[in-house]
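# Descriptive analysis of the structure
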Amino acid sequence: MHQSPIHCEGGETIAIERMKEYINSGGAAHYSQTRNQFDGQNFSSQLGSWLANGSLSPRLLFEQLQKAQKTDPGNSQSFDTIKEQLIWRDNFRFLFLRYGDKFFTTKGLRRTPHGMYNDLEAFEMWRKGKTGQPIIDALMHQLRATGFMSNRGRMLVSFYLAKELKVNWQWGAAWFESKLLDYDVYNNYGNWAYQSGRGTDSRVNRKFNLATQTKKFDPKGAFIQKWI
Ligand SMILES: Cc1cc2nc3c(=O)[nH]c(=O)nc-3n(C[C@H](O)[C@H](O)[C@H](O)COP(=O)(O)OP(=O)(O)OC[C@H]3O[C@@H](n4cnc5c(N)ncnc54)[C@H](O)[C@@H]3O)c2cc1C
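Here is what the cut-offs are and how they apply
- Residues numbered from 1 in each chain as written.
- Predicted model: local features only at pLDDT ≥ 70, side-chain atom pairs only at ≥ 80, totals over all residues.
- Helix = DSSP H or I, 4+ residues; strand = E, 2+ residues; numbered from the N terminus.
- Rg over C-alpha atoms; globule rule 2.2 N^0.38 Å.
- Buried ≥ 20, exposed ≤ 12 C-beta atoms within 10 Å, placed from the backbone.
- Contact = placed C-beta atoms within 7 Å.
- Near = placed C-beta within 6 Å.
- Nonpolar A, V, L, I, M, F, W, Y, C, P; charged D, E, K, R; others polar.
- Domains from an automatic or database assignment.

## With respect to the overall build of the protein
The helix and strand tally for the protein stands at 12 helices and 0 strands. Written out in order from the N terminus, the α and β elements of the protein read α-α-α-α-α-α-α-α-α-α-α-α. Over its C-alpha trace the protein gives a radius of gyration of 18 Å, about what one expects of a compact globule, namely 17 Å for 228 residues. Buried residues in the protein amount to 36% of all 228 residues. For the protein, the share of sequence-separated contacts (at least 6 apart) that also reach a separation of at least 24 residues comes to 70%.

Okay, structure coming up:
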(Lines give C-alpha, C1' and ligand atoms only; values in the text may rest on other atoms or scores of the structure.)
Protein backbone atom coordinates (compact mmCIF):
# COMPACT_ATOMS: atom_id res chain seq x y z
CA MET A 1 0.00 0.00 0.00
CA HIS A 2 1.45 3.36 -1.00
CA GLN A 3 1.50 6.10 1.58
CA SER A 4 -0.87 8.91 0.76
CA PRO A 5 0.93 12.15 -0.10
CA ILE A 6 -1.71 14.04 1.82
CA HIS A 7 -1.63 14.58 5.52
CA CYS A 8 -4.48 12.66 7.09
CA GLU A 9 -4.54 13.72 10.71
CA GLY A 10 -7.70 15.62 11.54
CA GLY A 11 -8.31 18.92 13.33
CA GLU A 12 -7.50 22.61 13.11
CA THR A 13 -4.13 22.51 14.90
CA ILE A 14 -2.53 20.15 12.39
CA ALA A 15 -4.25 21.94 9.51
CA ILE A 16 -2.70 25.26 10.55
CA GLU A 17 0.67 23.58 10.99
CA ARG A 18 0.48 22.17 7.46
CA MET A 19 -0.62 25.56 6.08
CA LYS A 20 2.42 27.24 7.66
CA GLU A 21 4.75 24.47 6.54
CA TYR A 22 3.48 24.78 2.97
CA ILE A 23 3.81 28.56 2.84
CA ASN A 24 7.20 28.61 4.64
CA SER A 25 8.58 25.89 2.35
CA GLY A 26 8.07 28.25 -0.60
CA GLY A 27 5.35 25.98 -2.04
CA ALA A 28 2.82 28.79 -2.50
CA ALA A 29 5.50 31.08 -3.96
CA HIS A 30 6.13 28.52 -6.73
CA TYR A 31 2.55 27.27 -7.16
CA SER A 32 2.26 28.49 -10.77
CA GLN A 33 5.24 26.39 -11.82
CA THR A 34 4.36 23.22 -9.87
CA ARG A 35 0.55 23.01 -9.71
CA ASN A 36 0.19 20.83 -12.81
CA GLN A 37 2.49 18.09 -11.57
CA PHE A 38 0.93 14.71 -10.90
CA ASP A 39 2.60 14.25 -7.52
CA GLY A 40 5.30 15.51 -5.19
CA GLN A 41 5.53 16.88 -1.67
CA ASN A 42 4.67 20.57 -2.04
CA PHE A 43 3.58 20.88 -5.64
CA SER A 44 0.19 21.95 -4.29
CA SER A 45 -0.95 22.76 -0.77
CA GLN A 46 -2.65 19.42 -0.02
CA LEU A 47 -4.89 21.34 2.35
CA GLY A 48 -8.04 20.12 0.62
CA SER A 49 -9.17 17.60 3.24
CA TRP A 50 -9.12 20.18 6.05
CA LEU A 51 -10.81 22.79 3.87
CA ALA A 52 -13.45 20.21 2.93
CA ASN A 53 -14.38 19.20 6.46
CA GLY A 54 -14.24 22.69 7.95
CA SER A 55 -11.06 22.26 10.00
CA LEU A 56 -9.31 25.01 8.07
CA SER A 57 -10.92 28.35 7.35
CA PRO A 58 -10.49 29.39 3.70
CA ARG A 59 -10.45 33.01 4.92
CA LEU A 60 -7.51 32.29 7.19
CA LEU A 61 -5.66 30.59 4.34
CA PHE A 62 -6.44 33.51 2.01
CA GLU A 63 -5.16 35.99 4.62
CA GLN A 64 -1.96 34.05 5.20
CA LEU A 65 -1.34 33.86 1.45
CA GLN A 66 -1.90 37.64 1.16
CA LYS A 67 0.55 38.23 3.98
CA ALA A 68 3.23 36.01 2.42
CA GLN A 69 2.61 37.64 -0.97
CA LYS A 70 3.38 41.10 0.41
CA THR A 71 6.81 39.94 1.58
CA ASP A 72 7.57 38.22 -1.74
CA PRO A 73 6.38 40.50 -4.58
CA GLY A 74 8.59 38.69 -7.11
CA ASN A 75 6.34 35.64 -6.83
CA SER A 76 3.04 37.51 -6.80
CA GLN A 77 1.69 35.59 -9.77
CA SER A 78 1.89 32.28 -7.91
CA PHE A 79 0.15 33.67 -4.86
CA ASP A 80 -2.59 35.10 -7.07
CA THR A 81 -3.03 31.73 -8.76
CA ILE A 82 -3.49 29.76 -5.56
CA LYS A 83 -5.85 32.43 -4.20
CA GLU A 84 -7.87 32.02 -7.41
CA GLN A 85 -8.37 28.34 -6.53
CA LEU A 86 -10.11 29.44 -3.34
CA ILE A 87 -12.34 31.61 -5.50
CA TRP A 88 -13.18 28.55 -7.64
CA ARG A 89 -14.07 26.85 -4.39
CA ASP A 90 -16.49 29.66 -3.51
CA ASN A 91 -17.83 29.63 -7.06
CA PHE A 92 -18.97 26.02 -6.77
CA ARG A 93 -20.68 26.74 -3.47
CA PHE A 94 -22.63 29.59 -5.04
CA LEU A 95 -23.52 27.44 -8.05
CA PHE A 96 -24.96 24.80 -5.75
CA LEU A 97 -27.06 27.44 -4.02
CA ARG A 98 -28.39 28.43 -7.43
CA TYR A 99 -28.81 25.00 -9.10
CA GLY A 100 -29.00 22.53 -6.19
CA ASP A 101 -30.06 19.01 -7.19
CA LYS A 102 -29.31 19.54 -10.89
CA PHE A 103 -25.72 18.67 -10.05
CA PHE A 104 -26.87 15.14 -9.25
CA THR A 105 -28.38 14.44 -12.67
CA THR A 106 -26.63 13.27 -15.84
CA LYS A 107 -27.85 16.37 -17.70
CA GLY A 108 -26.29 18.58 -15.08
CA LEU A 109 -26.91 22.28 -15.69
CA ARG A 110 -27.52 21.86 -19.43
CA ARG A 111 -30.71 21.31 -21.41
CA THR A 112 -29.11 19.60 -24.40
CA PRO A 113 -28.92 15.76 -24.71
CA HIS A 114 -25.99 14.44 -22.72
CA GLY A 115 -24.68 11.61 -24.94
CA MET A 116 -23.39 9.60 -21.98
CA TYR A 117 -24.41 6.07 -21.09
CA ASN A 118 -24.55 3.67 -18.15
CA ASP A 119 -21.83 1.52 -19.66
CA LEU A 120 -20.68 -0.69 -16.79
CA GLU A 121 -17.90 -2.40 -18.73
CA ALA A 122 -16.21 0.86 -19.72
CA PHE A 123 -16.69 2.26 -16.22
CA GLU A 124 -15.04 -0.79 -14.65
CA MET A 125 -12.03 -0.46 -16.96
CA TRP A 126 -11.69 3.17 -15.99
CA ARG A 127 -12.21 2.59 -12.27
CA LYS A 128 -9.68 -0.24 -12.14
CA GLY A 129 -7.07 1.57 -14.24
CA LYS A 130 -7.34 -0.86 -17.14
CA THR A 131 -8.23 1.39 -20.05
CA GLY A 132 -4.91 0.89 -21.84
CA GLN A 133 -4.24 4.66 -21.71
CA PRO A 134 -1.08 4.80 -19.56
CA ILE A 135 -1.65 8.20 -17.98
CA ILE A 136 -5.31 7.46 -17.15
CA ASP A 137 -4.47 4.05 -15.70
CA ALA A 138 -1.58 5.43 -13.64
CA LEU A 139 -3.80 8.15 -12.20
CA MET A 140 -6.59 5.73 -11.33
CA HIS A 141 -4.10 3.46 -9.56
CA GLN A 142 -2.80 6.45 -7.61
CA LEU A 143 -6.33 7.35 -6.51
CA ARG A 144 -7.10 3.83 -5.34
CA ALA A 145 -3.84 3.48 -3.44
CA THR A 146 -3.62 6.92 -1.83
CA GLY A 147 -7.00 8.66 -1.81
CA PHE A 148 -5.42 11.58 -3.66
CA MET A 149 -5.04 12.78 -7.22
CA SER A 150 -3.67 16.11 -8.43
CA ASN A 151 -5.98 18.64 -10.03
CA ARG A 152 -4.44 18.03 -13.48
CA GLY A 153 -4.98 14.31 -12.99
CA ARG A 154 -8.61 14.81 -11.97
CA MET A 155 -9.18 16.93 -15.08
CA LEU A 156 -7.76 14.24 -17.36
CA VAL A 157 -9.56 11.22 -15.91
CA SER A 158 -12.93 12.98 -15.69
CA PHE A 159 -12.65 14.22 -19.27
CA TYR A 160 -11.66 10.72 -20.40
CA LEU A 161 -14.58 8.99 -18.69
CA ALA A 162 -17.27 11.43 -19.82
CA LYS A 163 -16.06 12.60 -23.22
CA GLU A 164 -14.00 9.71 -24.58
CA LEU A 165 -15.65 6.66 -23.01
CA LYS A 166 -18.99 8.53 -22.87
CA VAL A 167 -19.86 7.04 -19.51
CA ASN A 168 -22.35 8.78 -17.23
CA TRP A 169 -20.25 11.37 -15.36
CA GLN A 170 -22.34 10.82 -12.20
CA TRP A 171 -20.68 7.40 -11.85
CA GLY A 172 -17.25 8.95 -12.01
CA ALA A 173 -18.17 11.58 -9.45
CA ALA A 174 -19.52 8.86 -7.14
CA TRP A 175 -16.28 6.87 -7.50
CA PHE A 176 -14.29 9.96 -6.55
CA GLU A 177 -16.68 10.51 -3.65
CA SER A 178 -15.86 7.04 -2.33
CA LYS A 179 -12.09 7.41 -2.73
CA LEU A 180 -10.93 11.00 -2.23
CA LEU A 181 -9.64 11.96 1.20
CA ASP A 182 -10.39 15.58 0.36
CA TYR A 183 -13.86 14.79 -0.96
CA ASP A 184 -16.05 17.88 -0.99
CA VAL A 185 -19.53 17.66 -2.47
CA TYR A 186 -19.43 21.10 -4.15
CA ASN A 187 -15.89 20.86 -5.53
CA ASN A 188 -16.37 17.29 -6.66
CA TYR A 189 -19.74 17.41 -8.42
CA GLY A 190 -19.08 20.99 -9.58
CA ASN A 191 -15.77 20.09 -11.22
CA TRP A 192 -17.15 16.86 -12.65
CA ALA A 193 -20.01 18.76 -14.26
CA TYR A 194 -17.55 21.31 -15.64
CA GLN A 195 -15.16 18.71 -17.08
CA SER A 196 -18.01 16.68 -18.57
CA GLY A 197 -19.46 19.64 -20.42
CA ARG A 198 -22.55 19.55 -18.18
CA GLY A 199 -21.62 22.52 -16.02
CA THR A 200 -20.48 26.10 -16.60
CA ASP A 201 -17.61 25.54 -19.04
CA SER A 202 -18.58 27.61 -22.08
CA ARG A 203 -16.50 25.26 -24.28
CA VAL A 204 -18.62 22.17 -23.65
CA ASN A 205 -16.69 20.16 -26.24
CA ARG A 206 -13.27 20.95 -24.76
CA LYS A 207 -10.98 17.94 -25.11
CA PHE A 208 -7.52 16.99 -23.95
CA ASN A 209 -4.92 15.28 -26.07
CA LEU A 210 -3.57 12.65 -23.68
CA ALA A 211 -0.28 12.21 -25.54
CA THR A 212 0.41 15.96 -25.37
CA GLN A 213 -0.64 16.17 -21.74
CA THR A 214 1.60 13.24 -20.82
CA LYS A 215 4.56 14.71 -22.67
CA LYS A 216 4.05 18.04 -20.95
CA PHE A 217 3.36 16.92 -17.40
CA ASP A 218 5.15 13.56 -17.15
CA PRO A 219 7.97 14.14 -19.64
CA LYS A 220 10.23 11.35 -18.38
CA GLY A 221 7.38 8.93 -17.77
CA ALA A 222 8.31 8.68 -14.08
CA PHE A 223 4.74 8.99 -12.83
CA ILE A 224 3.45 6.34 -15.23
CA GLN A 225 6.30 4.03 -14.33
CA LYS A 226 5.60 4.49 -10.63
CA TRP A 227 1.92 3.55 -10.86
CA ILE A 228 1.72 0.96 -13.61
C1 LIG B 1 -13.14 16.02 -11.48
C2 LIG B 1 -12.63 16.80 -10.29
C3 LIG B 1 -13.05 16.46 -9.02
C4 LIG B 1 -12.61 17.20 -7.90
N5 LIG B 1 -13.03 16.83 -6.65
C6 LIG B 1 -12.66 17.58 -5.58
C7 LIG B 1 -13.10 17.23 -4.25
O8 LIG B 1 -13.83 16.28 -4.03
N9 LIG B 1 -12.66 18.00 -3.23
C10 LIG B 1 -11.86 19.10 -3.42
O11 LIG B 1 -11.53 19.80 -2.44
N12 LIG B 1 -11.47 19.45 -4.66
C13 LIG B 1 -11.82 18.73 -5.74
N14 LIG B 1 -11.37 19.08 -6.98
C15 LIG B 1 -10.60 20.32 -7.16
C16 LIG B 1 -9.06 20.16 -7.06
O17 LIG B 1 -8.62 19.14 -7.92
C18 LIG B 1 -8.62 19.84 -5.61
O19 LIG B 1 -9.16 20.81 -4.74
C20 LIG B 1 -7.12 19.88 -5.47
O21 LIG B 1 -6.48 19.03 -6.40
C22 LIG B 1 -6.77 19.44 -4.05
O23 LIG B 1 -5.40 19.52 -3.84
P24 LIG B 1 -4.79 20.68 -2.95
O25 LIG B 1 -5.49 20.76 -1.64
O26 LIG B 1 -3.32 20.46 -2.94
O27 LIG B 1 -5.18 21.97 -3.79
P28 LIG B 1 -4.42 23.35 -4.12
O29 LIG B 1 -4.06 23.32 -5.55
O30 LIG B 1 -3.34 23.61 -3.16
O31 LIG B 1 -5.58 24.43 -3.93
C32 LIG B 1 -5.93 24.95 -2.63
C33 LIG B 1 -7.39 24.71 -2.39
O34 LIG B 1 -8.18 25.43 -3.34
C35 LIG B 1 -9.36 24.68 -3.65
N36 LIG B 1 -9.32 24.29 -5.08
C37 LIG B 1 -8.22 24.00 -5.82
N38 LIG B 1 -8.58 23.71 -7.09
C39 LIG B 1 -9.93 23.79 -7.12
C40 LIG B 1 -10.90 23.59 -8.14
N41 LIG B 1 -10.58 23.24 -9.40
N42 LIG B 1 -12.20 23.74 -7.80
C43 LIG B 1 -12.58 24.09 -6.56
N44 LIG B 1 -11.71 24.31 -5.56
C45 LIG B 1 -10.41 24.16 -5.85
C46 LIG B 1 -9.34 23.43 -2.78
O47 LIG B 1 -10.06 23.68 -1.61
C48 LIG B 1 -7.85 23.27 -2.51
O49 LIG B 1 -7.56 22.52 -1.35
C50 LIG B 1 -11.77 18.32 -8.10
C51 LIG B 1 -11.34 18.65 -9.40
C52 LIG B 1 -11.76 17.89 -10.48
C53 LIG B 1 -11.27 18.27 -11.86
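Still to come is the rest of the account.
## Some words on the site of the ligand
The environment of the ligand is made up of 29 residues, and the closest members are Ser 44, Ser 45, Gly 48, Asn 188 and Asn 191. For the shell around the ligand, the element with the most residues is helix H5 (residues 76-99), which contributes 6 residues. Class assignment of the residues belonging to the shell around the ligand gives a composition of 12 nonpolar, 12 polar and 5 charged. No fewer than three residues from each of domain 1 (12-99) and domain 2 (103-227) sit in the shell around the ligand.

## Concerning helix H10 (residues 185-195)
With 9 of its 11 residues buried, H10 lies for the most part within the structure. Regarding H10, the residues found buried are Asn 187, Asn 188, Tyr 189, Gly 190, Asn 191, Trp 192, Ala 193, Tyr 194 and Gln 195. Remark: Gly 197 follows H10 within two positions and exhibits a positive phi of approximately 75 degrees.

## Focus: the domain arrangement of the protein
Split into domains, the protein comes out as domain 1 (12-99) and domain 2 (103-227). Distance between the C-alpha centres of domain 1 and domain 2: 23 Å. Across the contact, 15 residues belong to domain 1 and 17 residues belong to domain 2. If you list the elements that add at least two residues to the side of domain 1 that touches domain 2, you get helix H3 (48-53) and H5.

## What about the environment of Asn 42?
Relative to the assigned elements, Asn 42 resides in the loop between helix H2 (31-34) and H3. Asn 42 gets classed as partly exposed once you count the C-beta atoms within 10 Å, which come to 18. As a C-alpha pair, Asn 42 and His 30 span 12 residues in sequence and 9.3 Å in three-dimensional space. Excluding anything up to four places from it in sequence, Asn 42 contacts Tyr 22, Ser 25 and Gly 27.

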